[in-house]
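# Coordinate analysis (summary)
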Amino acid sequence: MKMTIHEVAQCLNLHVSTVERWIRQGRIPIQKTGNGYLFSESALKKWAAMYRLPFLIPEKVKSRGYEERLENLLSAMKRGGVMYDIKGDDVETALKSAVENMPVLSKTSKKELYQLLLERERLTSTGIGKGVAIPHPRDPLPDALKSPVISTCFLEKSIDFGAVDDKPVFVMFIFLSQSIKIHLHLLSRFSFCVRDNSFVEFLKTSPDEASFFAKIADFEKQLDRAET
Amino acid sequence: MNHQLLHIFRNSPLGRETLLQSIYFSKQVEVTPVIYIPKSTKFLMYFENDVVQIDLDNSYLMSPDTALEHATELLEQAGVEPRFLDPKHYTASTLPDIHTNFDYMSCPRSISDLSSKIGLGYIGGRVRRIVKSAQFPVLITSPVYKEWESIAVFFGGSVNAFNALKLGFRICRISGMPLDVFTLVENNSQESYEKLIKDENLETEMSRYVNTWHFLRNKALEENLYDVPHNALVVLGAYGHHLLKTFVFGSKMEKIQSTISNNLLIVGPNYTAAI
Amino acid sequence: MRIFQSWRYPANWTIFRLDDRLLLILVAIIVGSCSGLASVILNRSLMIMFNWFHHLRHYWWVFVLPAIGAALSSLFLEKIVKEGAGHGVPEVIYSVSRYGGLLRFRSSFSRLISSALTIGSGGSAGPEAPVVISGAAIGSNIAKYFSLNDRQRVTLVGCGAAGAISSIFNAPIAGMVFAIEVIIGEWKSVHIVPIAIASVMGTEISRILQGNQIPFSHRLFNISHMDILACVGLAVLTAAASILLTRLLRSMDKIAKKLPAPLWIRAAIGGCAVGLIGLFLPEVLGKGYHVVQTTIEGAFSQGLVIVGLATIAKIVATALTLGWGGSGGIFAPCLVIGSLAGLTYHHGLALLWPSVTWVNQGCFALLGMAGLISGMLQAPLTGIFLIVEITGGYEVILPLIIVSAITTSVCHYIEPAAYYMKELVDYGHLLRPGTDARVLSDLNVSELIEKDCIAVTQNMLLRDFIDIVKKSHRNYFPVEHEETGHFMGIIHLDDIRQYLFNPVMYDTVFLGQIMNTRVEVVYPDDDLADVIRKMDANRLFSMPVVVNNRFIGLISKGHLLDQYRKELMVQTSQSI
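Residues numbered from 1 in each chain as written. Chains lettered and ligands numbered in written order. Predicted model: local features only at pLDDT ≥ 70, side-chain atom pairs only at ≥ 80, totals over all residues. Heavy atoms only, no water.

### Topic: the overall build of chain C
When its secondary structure is counted, chain C shows 27 helices and five strands. Expressed as a percentage of its 576 residues, the buried residues of chain C come to 58%. Contacts in chain C between residues far apart in sequence, at least 24 positions, make up 76% of those at least 6 positions apart. Accessible area of chain C: about 23900 Å², with a carbon and sulfur share of 64%. Averaging the positions of the 43 positive and the 40 negative side-chain charges in chain C gives two centres separated by 6 Å. (Helix = DSSP H or I, 4+ residues; strand = E, 2+ residues; numbered from the N terminus. Buried < 20%, exposed > 50% of the residue type's maximum accessible area, 1.4 Å probe, protein only. Contact = heavy atoms within 4.5 Å. Areas by Shrake-Rupley, 256 points an atom, 1.4 Å probe, with all protein chains shown as cover. Lys, Arg positive; Asp, Glu negative; His and termini not counted. Charge placed at Lys NZ, Arg CZ, Asp CG, Glu CD.)

Encoded structure:
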């Protein structure tokens with residue numbers, strides 16, 4: 001393959017002027033002829049191996065860039081669904097009835113999930129204030145899920161969650177993700193929404209699915225705009 | 001970004017004309033002029049494969065106390081920040097080294113001989129060696145300051161000529177001045193030159209930048225040169241197709257430089273052009 | 001047409017592209033022969049001039065001769081060739097260090113002519129340094145003709161120097177060792193083989209044209225153990241002589257520079273002084289090889305005082321010739337001074353311990369020579385091999401090694417750099433491959449610039465800045481002026497860490513208030529060594545690079561280490 005001097009510099013992870021200088025000083029097996037350069041790729045590779053210099057063709061490097069597409073709140077919430085009037089007087093019962101009603105999981109996984117959520121609550125409360133709680137398992141569930149799920153659960157009556165501001169919690173958002181990265185990403189976007197007090201007031205009205213999702217979509221648009 | 005033009009300042013009225021020309025060129029092409037005020041008549045320029053000793057004639061050292069002042073004045077009048085070159089390394093106590101990673105260098109037709117030889121037809125030996133070894137084009141200024149308003153590239157089809165052409169495109173793009181290309185059609189046909197352009201995939205650039213492509217049909221080159229506008233910057237390659245091309249300048253180039261008195265931007269064999 | 005073109009670029013021929021050793025050997029043969037020829041020419045002209053002027057010795061005005069010679073040589077260098085007198089060998093080393101051995105073509109012949117004028121007329125200098133620089137310039141220009149790269153050109157410069165020395169002394173090993181020890185500075189097979197071939201060619205040329213004779217005849221010496229002990233004392237004496245010569249040369253240089261007269265008048269004055277000394281002690285004039293020959297044969301009949309005086313006189317004469325503008329080298333004067341010093345020592349020993357039978361005074365003369373060369377050049381190997389080769393005697397090797405080694409060490413202790421190197425070391429121009437100085441001088445600031453910093457403006461709020469921090473990969477943020485884009489200062493993440501989590505500050509603080517404006521900046525043409533010094537002095541790990549008041553990137557110690565290592569590895573490779 002005939003490469004230009006810029007490509008060679010890229011493969012060696014060096015600045016072009018470094019390569020040009022080494023050619024002039026005779027330290028790299030490339031010859032200069034008038035306007036062009038003479039070299040053989042195999043000789044270069046051998047030379048690079050001798051000095052333990054990396055010689056990577058950049059296309060291969062680029063293919064690793066298939067990052068996990070980070071999902072946004074809306075799709076995760078749609079997958080998790082919205083549940084109303086979840087019964088329960090305390091944390092355990094509320095969680096149990098919420099988990100029972102969750103659409104995506106099988107019976108055994110629901111039991112497991114309940115245990116994991118409880119464990120997490122025992123560590124510290126997931127009540128983040130203003131009446132909102134975000135129960136989630138401490139470690140991600142890579143086997144059980146292919147995509148993240150956020151279930152919105154409006155409680156029948158507010159319960160004491162041991163939240164940071166000691167206010168009773170009226171809505172729980174159960175976060176399930178297959179990797180920590182996705183979990184943090186969703187959490188960060190969600191906290192942007194919750195910071196807005198008008199959104200919390202909106203939640204207190206137990207809105208229907210359509211208007212709730214519309215509101216979330218609005219917030220997502222704002223976030224996307226801020227990021228670009 | 002950090003493009004620079006080297007100018008060696010002669011503190012005399014002739015030197016003033018040359019400096020004004022360099023400043024105008026720098027502003028048009030958006031490079032920074034760097035002025036070297038020589039303290040001794042000799043200095044060395046180490047190129048990639050050659051070391052050229054420049055022996056300036058004594059007029060370059062005239063009135064050293066006012067040199068800095070005069071140069072600064074001219075630069076500030078033109079609104080350019082004065083930048084001076086201070087040599088850091090010396091081969092011997094009277095022999096400073098001037099580095100060569102500039103983008104352009106400007107000099108009069110001769111820097112080693114008396115001013116009387118700055119007529120047409122003469123390009124000093126030192127200047128020739130610089131053109132041959134340098135990786136930058138050399139601007140040979142006309143004796144009197146004249147603001148050029150168009151660009152004229154002489155294209156003969158050789159590798160050197162292609163570099164000159166690309167340099168012309170680039171200057172046209174940055175300065176916005178109109179560009180004309182001149183080709184002497186001797187024994188070849190117009191189509192053969194057009195084919196050369198096509199082979200190098202330069203057709204789009206030709207149509208984008210070039211105003212008119214003049215094909216000069218008069219057999220003798222000198223008689224055609226009247227068509228070159230008097231206030232054009234002439235860009236041309238130093239060498240042609242000749243067998244001895246690395247020893248002497250191309251014959252056409254010699255004819256051109258001895259007939260017209262425009263500013264010449266000469267491209268040497270080690271220059272690689274980027275549009 | 002293409003065939004004619006490609007013979008000018010042999011480095012690009014397919015057989016030579018991957019392994020150019022054979023190419024270098026072939027070119028070394030050419031270079032060695034040419035430089036050998038050059039030194040033969042100089043030698044011959046010196047002999048001719050010596051014969052011309054010899055019959056003038058008895059005239060009273062003969063002391064003006066060295067003056068005329070020195071003045072002519074100075075004029076020639078200044079006006080005709082416009083060389084600008086550099087001291088030959090340091091210029092070669094400087095060019096090898098910095099520019100891959102590029103030398104001017106005029107140096108190939110200019111020094112030959114000028115030194116012939118100086119020495120032939122009686123100046124106390126040696127023909128060796130001029131032939132070294134001529135040979136080196138020949139090698140460099142042949143390399144330029146074939147468009148060879150830096151590394152190959154440096155080898156050929158060494159070949160030229162080796163060929164010249166081998167030819168002038170008929171001593172191939174000394175030529176090789178000198179070229180490698182002094183000029184190139186690194187012992188690698190890629191240099192040694194072509195240099196060896198060039199030495200052989202130089203010697204051959206000399207033998208063909210001048211006959212195969214060693215400069216000084218061979219004598220058998222019986223060395224006893226007492227003599228070996230005495231060598232230590234001799235080493236000290238030669239060290240003293242070397243240092244005296246060095247210091248005197250330098251002071252003469254300084255005095256001469258202060259004189260407001262043009263160069264050639266200064267040279268003439270120096271020459272006059274030498275001529276005057278020569279009236280009384282004719283041994284100090286010219287190359288002086290016949291003096292050396294006499295002392296080795298033990299035929300120098302004067303007593304201790306005269307010999308001692310002669311030593312000092314020769315030192316002074318050399319300093320006058322070279323310090324005041326004459327053209328020549330110090331090799332030959334070192335030999336003469338050394339032999340006279342050895343003789344002095346011998347007479348001194350004989351005086352102090354008359355009962356011990358010391359070896360013949362000639363032997364001490366030999367050892368003195370080795371001592372002076374080793375001391376002045378601080379190149380003990382060259383000294384040893386040279387003496388062995390030019391006198392053809394191997395049995396003196398033991399005391400020879402002792403004297404050379406001790407003199408070099410003592411001189412190094414007092415004058416840390418050899419005569420040739422002093423100027424170079426002072427200005428930081430001695431850049432041997434594989435040294436820190438060399439790596440730093442090869443690397444360029446523009447090769448190290450990292451460009452992934454995000455710029456901010458001074459009127460930006462802290463809130464917006466935090467969004468930018470989210471996206472960036474760095475701790476440094478340059479602040480630019482909104483309209484002009486000029487660089488105004490730098491914000492380091494550490495500066496704002498304390499405010500990052502204080503939401504009250506988000507809308508009340510402008511970046512202009514927290515940025516650091518008193519920032520040290522770096523320019524792309526800066527010397528890397530200076531940049532590192534700035535970093536160390538201010539305890540910084542990164543510095544902004546600014547051009548025309550615009551920020552173009554960051555230079556950081558981390559990236560520098562990466563590049564430094566790569567550079568060092570490639571420079572000191574074992575095989576290429």
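From this point, things continue past the structure.
### Things to note about a negative patch on the surface
The grouping of B:Asp65, B:Glu69, B:Glu73 and B:Glu76 at the surface amounts to a negative patch. By the element assignment, B:Glu76 lies in helix H2 (residues 64-77). (Patch = residues over 30% accessible without salt bridge, like charges linked within 9 Å, V, L, I, M, F, W, Y side chains within 5 Å. Salt bridge = Lys/Arg side-chain N within 4 Å of Asp/Glu carboxyl O.)

### Focus on H2(B)
Residues and elements named next belong to chain B. Here H2 spans 21 Å end to end across 14 residues, near enough to the 20 Å set by a 1.5 Å rise per residue. For H2, the set of buried residues is Ala67, Ala71, Thr72, Leu74 and Leu75. Down the axis of H2, the buried set is contained in an arc of 165°. They therefore lie on one face. Of the exposed residues in H2, those oriented more than 90 degrees away from the buried face are Asp65, Glu76 and Gln77. Those residues of H2 that are buried lie in contact with helix H1 (13-29) and strand E2 (32-36). Among the residues trailing H2, Gly79 stands out with phi positive, at a value near 80°. (Expected span 1.5 Å × (residues − 1). Arc of directions from axis to C-beta.)

### Topic: the packing of helix H13 (residues 289-296) of chain C against helix H16 (residues 361-377) of chain C
For any two helices packed against each other, the geometry is given by the interaxial angle and the distance between the axes. Residues and elements named next belong to chain C. Put simply, H13 and H16 touch, their axes get as near as 7 Å, and they point 135° apart. In terms of orientation, H13 and H16 fall into the oblique class. For the pair H13 and H16, the contacting residues are Val292, Thr295 and Ile296 in the first and Gln361, Gly362, Ala365, Leu366 and Met369 in the second. Its residues placed into classes, the contact of H13 with H16 shows five nonpolar, three polar and no charged. (Axes fitted to C-alpha atoms, helices over the stretch in contact; angles between N-to-C directions. Parallel < 35°, antiparallel > 145°, perpendicular 65-115°, else oblique. Nonpolar A, V, L, I, M, F, W, Y, C, P; charged D, E, K, R; others polar.)

### Re the pattern of salt bridges
Tallied over the entire structure, the rule returns 30 salt bridges over all chains. In this structure, C:Arg106 and B:Asp55 form a salt bridge, with 3.8 Å as the shortest nitrogen-oxygen distance. Of this pair, C:Arg106 sits in the loop between helix H5 (88-99) and helix H6 (107-120) while B:Asp55 sits in strand E4 (residues 51-55), placing the two residues on different chains. The exposure classification of C:Arg106 matches that of B:Asp55, with both residues buried. Of the charged contacts, one joins C:Asp150 and C:Arg153 as a salt bridge, the two residues approaching to 3.4 Å between their closest N and O atoms. Residue C:Asp150 and its partner C:Arg153 are located together in helix H8 (residues 150-169), separated by three residues, close to a single helical turn.

### Description of the interface of chain B and chain C
Listed per partner, the contact involves 28 residues of chain B and 32 residues of chain C. Carbon and sulfur atoms make up 48% of the area that chain B and chain C hide from each other, which totals about 2500 Å². Summed over the shared surface of chain B and chain C, the number is two salt bridges. Across the chain B-chain C interface, the total number found is nine residue pairs in polar contact (both at pLDDT 80 or more). Elements represented by at least two residues in the side of chain B that touches chain C include exactly strand E3 (42-46), E4, strand E5 (90-92), strand E6 (95-98) and helix H3 (125-133) of chain B. For the side of chain B that touches chain C, the per-class residue count stands at 10 nonpolar, nine polar and nine charged. (Buried area = accessible area lost by both parts, 1.4 Å probe. Polar contact = N/O pair within 3.5 Å; in protein donor to acceptor, adjacent residues only side chain to side chain.)

### Here's the deal with the packing of helix H6 (residues 91-101) of chain A against helix H7 (residues 107-123) of chain A
Residues and elements named next belong to chain A. Direction vectors running N to C along H6 and H7 enclose 150°, while the axes themselves pass 10 Å from each other. The hand of the H6/H7 crossing is right-handed. In this structure, H6 contributes Val91, Glu92, Leu95, Lys96, Val99 and Glu100 to the contact, and H7 contributes Lys110, Leu113, Tyr114, Leu117, Leu118 and Glu121. By residue class, the composition of the contact of H6 with H7 is seven nonpolar, no polar and five charged. (Left-handed = near helix turned anticlockwise from the far one by under 90°.)

### A word on the sheet that holds strand E13 (residues 263-267) of chain B
All names here are of chain B. Read across the open sheet, the nine strands follow the order E2-E1-E7-E8-E13-E12-E9-E10-E11; overall the sheet is mixed. Only two strands of the sheet have a single neighbouring strand rather than two, namely E2 and strand E11 (210-216). Pairs of neighbouring strands in the sheet enclose a mean axial angle of 25°, with direction left out of account. Here three bridges tie strand E8 (residues 138-140) to E13, and the two strands are oriented antiparallel to one another. Bridge pairing links Ile140 to Leu264 in E13. Sheet strands in contact with helix H4 (residues 159-175) are strand E7 (104-107), strand E9 (150-154), strand E10 (179-184), E11, strand E12 (232-237) and E13, and its direction is about 170° off that of E9. Packed onto the sheet, helix H5 (residues 190-199) meets E10 and E11 and runs at close to 140° relative to E11. (Pairing = 2+ DSSP bridges.)

### Remarks on the confidence of the model for chain C
Residue and element names in this part refer to chain C. A residue-level look at chain C finds 95% of positions with pLDDT of 70 or above and a mean pLDDT of 84. Highest mean pLDDT in chain C belongs to H8 (92); lowest belongs to helix H1 (residues 2-6) (50). Scoring of the predicted complex yields 0.80 for pTM and 0.81 for ipTM. (pLDDT = per-residue confidence, 0-100.)

### Overview of the side chain of B:Ser175
All names here are of chain B. Positionally, Ser175 belongs in helix H4. Judged by its relative accessible area of 17%, Ser175 is buried. Only 2.6 Å separates the side chain of Ser175 from the backbone oxygen of Ile171, close enough to count as a polar contact. At a separation of 3.3 Å, a polar atom in the side chain of Ser175 contacts the main-chain amide nitrogen of Met177.

### A few points about unusual backbone geometry
Residues and elements named next belong to chain B. Here the phi dihedral of Glu30 falls at roughly 60°; this positive angle occurs in a residue that is not glycine. Mapping Glu30 onto the fold places it in the loop between H1 and E2. At Asn201, a position not held by glycine, the phi torsion is positive, near 60°. Positionally, Asn201 belongs in the loop between H5 and helix H6 (203-209).

### Thoughts on the packing of aromatic side chains
Residue and element names in this part refer to chain A. Throughout the structure, instances matching the rule amount to 31 aromatic pairs over all chains. An aromatic cluster of at least three residues, connected via ring pairs, comprises Tyr84, Phe154, Phe173, Phe175, Phe190, Phe212 and Phe213. Its end group placed over the ring of Phe213, Lys78 keeps NZ or CZ at 5.9 Å from the ring centre. Above the plane of the ring of Tyr114 lies Lys96, whose end atom (NZ or CZ) is 4.8 Å from the centre. (Phe/Tyr/Trp six-rings, centres within 6.5 Å; stacked < 30°, edge-to-face > 60°. Lys NZ or Arg CZ within 6 Å of the ring centre and 35° of its normal.)

### Comments concerning the sheet that holds strand E5 (residues 132-133) of chain A
Residue and element names in this part refer to chain A. What the five strands build is an open sheet, ordered E3-E6-E7-E5-E4; its pairing is mixed. Both edges of this open sheet fall to strand E3 (82-86) and strand E4 (127-129), since each of them pairs with a single strand only. Here E4 pairs with E5 via two bridges, running antiparallel. Its bridge partner being in E5, Gly127 is matched across the sheet by Ala133.

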